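# Observations on the model geometry
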Amino acid sequence: MKRILLFLVFILCSAPLFSQEDNIVKNIHYYDDKTNRSNAYINERCVLDVYIPKNVKNFPTVIWFHGGGLTGGQKEIPEGLKNKGVAVIGVNYRLSPKVNAPEYIEDAAAATAWVFKNIKNYGGKENLVFISGHSAGGYLAIMVGLNKMYLEKYGIDANQLAGIIPFSGQMISHFTIRKEKGIGELDARIDEYAPLHFIRADAPPLLLITGDREKELLGRYEENAYMVRMMKLKGNKETTLYELQGFDHGGMAQPAFPLLIDEMKRVEKLKK
């Protein structure tokens, strides 16, 4: 009996070795060696994890930026995106106040460029790269996706993205950026750090998801609703907004993951 119990303990303790974690390659630097050597904070912070789906070829990929108000948070591979037949790239980026805008946006662009240049080596398709994130991460995703300047630095047209899917992202200038400039959180700005400043008809499919307008952060639903209206007026025909009623800012991410996966699969079918 004792031997059986010891065997079971051994099996349980060994289980993680054969779990889905085997699909994750961790802490890859997405800047080049010269940049990493020149900046200790970049070398420490600017890394990503790659989660690869098992037994899937030519899979789509979602780049996932964590939330935290641009001042905190850590890269993650959300459980809601695992075992869905897609690759997930969890990205760390530099944080305020150690850096100010636009450096964390530049990090997000550098990570995105790394994915375009490397995902085929893991079995993914370059024309099925999506960009997403929650809160501050959603803000970074849409800034990189709409302001083409950030990816042009790497010879990439932002329109190569298969889709932009921010969760509760700010569409005006982010409140942390306004704080860096001494601007109050209720003083809304649409400037070079506002996704609304970069509306365009030719943008990739844009799926905006927020929590309940009565439970979200300061006007977050309304910012996204205005973005949808302005994108449509600009002539973009592939912008959609979902409001997840009953869910607050933090709680909306979990029910939003299936919408993200559905959008990836929808676009994937269109590209076949």
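Residues numbered from 1 in each chain as written. Predicted model: local features only at pLDDT ≥ 70, side-chain atom pairs only at ≥ 80, totals over all residues. Heavy atoms only, no water.

### So, the overall build of the protein
Basically, it comes down to this: Comment: elements are numbered from the N terminus, with helices defined as DSSP H or I runs of at least four residues and strands as E runs of at least two. It only takes one pair of heavy atoms within 4.5 Å for two residues to be counted as in contact. To be clear on the numbers: accessible area is Shrake-Rupley with a 1.4 Å probe, and residue cover counts the displayed protein chains and nothing else.
If you tally the helices and strands in the protein, you get nine helices and eight strands. Judged by the C-alpha coordinates and their principal axes, the protein covers about 70 × 45 × 35 Å. In the protein, once contacts between residues fewer than 6 apart in sequence are set aside, the share between residues at least 24 apart is 75%. Accessible surface computed for the protein: about 12900 Å², of which carbon and sulfur atoms make up 54%.

### Overview of the pattern of salt bridges
The line we're drawing: The rule for a salt bridge is simple: a side-chain nitrogen of Lys or Arg has to be within 4 Å of a carboxyl oxygen of Asp or Glu. Burial classes: relative accessible area under 20% of the type maximum marks a residue as buried, over 50% as exposed, and values in between as partly exposed (1.4 Å probe, protein chains only).
Taken as a whole, this structure holds 13 salt bridges when the rule is applied. Between E79 and K82 there is a salt bridge, and its shortest N-O distance comes to 3.0 Å. Assessed through its relative accessible area of 5%, K82 is described here as buried. K265 is paired through a salt bridge with E268; the nearest N and O atoms lie 4.0 Å apart.

### Concerning the packing of helix α4 (residues 103-118) against helix α5 (residues 136-146)
To keep it simple, the criterion reads: Inter-axis angles, ranging from 0 to 180 degrees, are taken between N-to-C directions of lines fitted to C-alpha atoms, where helices are fitted over the stretch in contact. Small angles under 35 degrees read as roughly parallel and large ones over 145 as roughly antiparallel, with 65 to 115 read as roughly perpendicular and the rest as oblique.
For the pair α4 and α5, interaxial distance at closest approach is 9 Å and the crossing angle is 70 degrees. The angle between α4 and α5 places the two elements in the roughly perpendicular class. Contacts between α4 and α5 involve Y104, I105, A108, A109 and T112 from the former and Y139, L140, M143 and V144 from the latter.

### Regarding α5
In terms of burial, α5 is a largely internal element, 11 of the 11 residues being buried. When we look at burial in α5, the residues that qualify are A136, G137, G138, Y139, L140, A141, I142, M143, V144, G145 and L146.

### Topic: the pairing of strand β8 (residues 239-244)
Test applied: Note on pairing: DSSP must find at least two bridges between two strands before they are called paired. Look down the strands so they point away from you; if the path from the first strand over the helix to the second goes clockwise, the crossover is right-handed.
Here strand β7 (residues 206-211) runs beside β8; their pairing, made up of six bridges, is parallel. Bridging from a neighbouring strand, L208 pairs with L241 of β8. A crossover connection joins β7 to the parallel β8 through helix α8 (residues 220-234); in handedness this β-α-β unit is right-handed.

### With respect to the environment of L161
Here L161 is to be found in the loop between α6 (149-152) and β6 (163-167). Judged by relative accessible area, which is 3%, L161 ranks as buried. Distance in space between the C-alpha atoms of L161 and I52 is 19 Å, their sequence separation being 109 residues. Apart from residues no more than four positions distant in its own chain, L161 is found in contact with T112, F116, V129, I131, G145 and P204.

### A look at the confidence of the model for the protein
Do not read the fine detail of predicted coordinates wherever pLDDT is low. Rules: The pLDDT value tells you how sure the predictor is about a given residue, anywhere from 0 up to 100.
In this model, the protein carries a mean pLDDT of 93, and residues with pLDDT of at least 70 account for 92%. At the low end of the mean pLDDT range in the protein sits helix α1 (residues 2-14), at 34; at the high end sits β6, at 99. Residue range residues 1-20 is modelled with pLDDT below 50. Its contacts to residues more than four positions away, or to other chains, number eight contacts.

### Re a nonpolar patch on the surface
Basically, it comes down to this: Two joining distances apply to patches: 9 Å for like charges and 5 Å for nonpolar side chains (Val, Leu, Ile, Met, Phe, Trp, Tyr), and every residue must have over 30% relative accessible area and no salt bridge.
A surface patch of nonpolar side chains, about 320 Å² in accessible area, is lined by L186, L217 and L218. L217 sits in the partly exposed class, given a relative accessible area of 37%.

### Side note on the sheet that holds strand β3 (residues 59-65)
Strand order across the open sheet formed by eight strands is β1-β2-β4-β3-β5-β6-β7-β8, with mixed pairing between neighbours. Looking at which strands have only one partner, the edges of the open sheet turn out to be β1 (24-29) and β8. The sheet shows a mean angle of 20 degrees between the axes of neighbouring strands, direction not considered. Across the sheet, α4 touches β1, β2 (47-51), β3, β4 (87-91) and β5 (124-134), and the angle it forms with β3 is around 165 degrees.

### Observations regarding the pairing of β3
For β3, the tally of buried residues reaches seven of seven residues, placing the bulk of the element in the interior. Here six bridges tie β3 to β5, and the two strands are oriented parallel to one another. Paired with W64 across the two strands is S132, which belongs to β5. With five bridges connecting them, β3 and β4 associate as parallel partners. Counted as the bridge partner of V62 is V88 from β4.

### Considering the packing of aromatic side chains
Stated formally: Between 30 and 60 degrees the pair is tilted, below 30 it is stacked and above 60 it is edge-to-face, where a pair is any two Phe, Tyr or Trp rings, Trp via its six-membered ring, whose centres lie within 6.5 Å. The rule is short: NZ of Lys or CZ of Arg within 6 Å of the ring centre and within 35 degrees of the ring normal puts a charge over the ring.
Tallied over the full model, the rule gives five aromatic pairs. Ring centres 5.4 Å apart and planes at 35 degrees place the aromatic pair Y30 and Y31 in the tilted group. The pair formed by Y30 and Y31 is uniform in burial state, with each residue classed as buried. The rings of W64, F167 and F257 are connected pair by pair, giving a single aromatic cluster. Across from the ring centre of Y41, 4.8 Å away, lies the NZ or CZ of K98, which sits over that ring.

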